Amino acid sequence: MHQIRLEKESERVMEGKILHDSAYQRMEHRELDIESAGKIDGIQGEYVREIKLTSKMKEADRWQLLYYLSELKKRGIIKKGLLSYTKEKRTEEIILREEDERELINIKNRIHAIIAQELSPKLVKKSICSSCAYYDFCFSGERD
Ligand code: SF4
């Protein structure tokens with residue numbers, strides 16, 4: 001929201017980009033913009049595809065895909081999702097249910113409430129932080 005973009009310098013994001021460039025080559029539709037709602041990596045038949053290196057952020061990956069499915073549904077396009085983890089050689093089917101749509105509204109409201117705050121929320125250290133592109137930004141005021 002505030003145009004702070006640190007992904008370009010992240011090794012992990014770069015790894016993901018290389019994976020995307022190779023994994024999506026065979027797909028019918030790649031890098032589709034859903035107006036202002038985001039960019040879908042690939043569509044294959046009845047599925048929206050998301051390919052990740054590992055399942056470290058499984059829950060976030062699932063909600064990302066559910067968000068795409070719901071944005072497509074709003075535009076009259078009904079799809080299912082496939083979430084693949086290359087290192088684990090595993091793929092999950094993701095179906096958008098009514099309760100997911102309700103929870104997506106709650107998630108969006110919580111995001112907008114954070115955006116509306118004058119200051120960032122207090123730092124919460126999580127195990128995923130060490131591999132996040134925003135680590136230096138979030139932990140800049142922290143001591144070891
Ligand atoms: S470093 Fe941790 S708190 Fe900061 S954006 Fe990344 S995951 Fe979130």
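- Under an unreviewed UniProt entry, the name given to the protein is DUF83 domain-containing protein, and the source organism is Aneurinibacillus aneurinilyticus ATCC 12856.

### Thoughts on the packing of helix α2 (residues 58-74) against helix α3 (residues 98-116)
- Two elements in contact, α2 and α3, have axes whose closest approach is 10 Å; the angle formed by their N-to-C orientations is 105°. Relative to α3, α2 is oriented roughly perpendicular. Touching R62, W63, L66, Y67, S70, E71, K73 and K74 of α2 are D100, E101, E103, L104, I107 and K108, all from α3.
- Of the residues belonging to the contact of α2 with α3, the class tally is 5 nonpolar, 1 polar and 8 charged.

### Notes on the site of the ligand
- The environment of the ligand is made up of I128, C129, C132, Y134, Y135, C138 and F139.
- Of the residues that constitute the shell around the ligand, the class distribution is 7 nonpolar, no polar and no charged.

### Looking at the side chain of D61
- On the secondary structure map, D61 appears in helix α2.
- Of the side chains with opposite charge, K52 comes closest to the buried, unpaired D61, at an N-O distance of 4.0 Å.
- Excluding its chain neighbours within four sequence positions, the residues that come into contact with D61 are K52, T54, L83 and Y85.

### Some remarks on the pattern of salt bridges
- Tallied over the full model, the rule gives 15 salt bridges.
- For K73, the salt bridge goes to E101, with nearest N and O atoms at 3.0 Å. Taken together, the residues K73 in helix α2 and E101 in helix α3 connect sequence positions 28 residues apart.
- By relative accessible area, E101 is classed as partly exposed at 24%.
- Across the salt bridge formed by R110 and E103, the nearest N and O atoms sit 3.6 Å from each other.
- Take R110: its relative accessible area is 48%, and that puts it in the partly exposed class.
- E103 sits in the partly exposed class, given a relative accessible area of 26%.
- One network of salt bridges, with partners in common, ties together E59, R62, R97, E99 and D100.

Calculation rules
- Residues numbered from 1 in each chain as written.
- Predicted model: local features only at pLDDT ≥ 70, side-chain atom pairs only at ≥ 80, totals over all residues.
- Heavy atoms only, no water.
- Axes fitted to C-alpha atoms, helices over the stretch in contact; angles between N-to-C directions.
- Helix = DSSP H or I, 4+ residues; strand = E, 2+ residues; numbered from the N terminus.
- Parallel < 35°, antiparallel > 145°, perpendicular 65-115°, else oblique.
- Contact = heavy atoms within 4.5 Å.
- Nonpolar A, V, L, I, M, F, W, Y, C, P; charged D, E, K, R; others polar.
- Near = heavy atom within 4 Å.
- Buried < 20%, exposed > 50% of the residue type's maximum accessible area, 1.4 Å probe, protein only.
- Lys, Arg positive; Asp, Glu negative; His and termini not counted.
- Salt bridge = Lys/Arg side-chain N within 4 Å of Asp/Glu carboxyl O.

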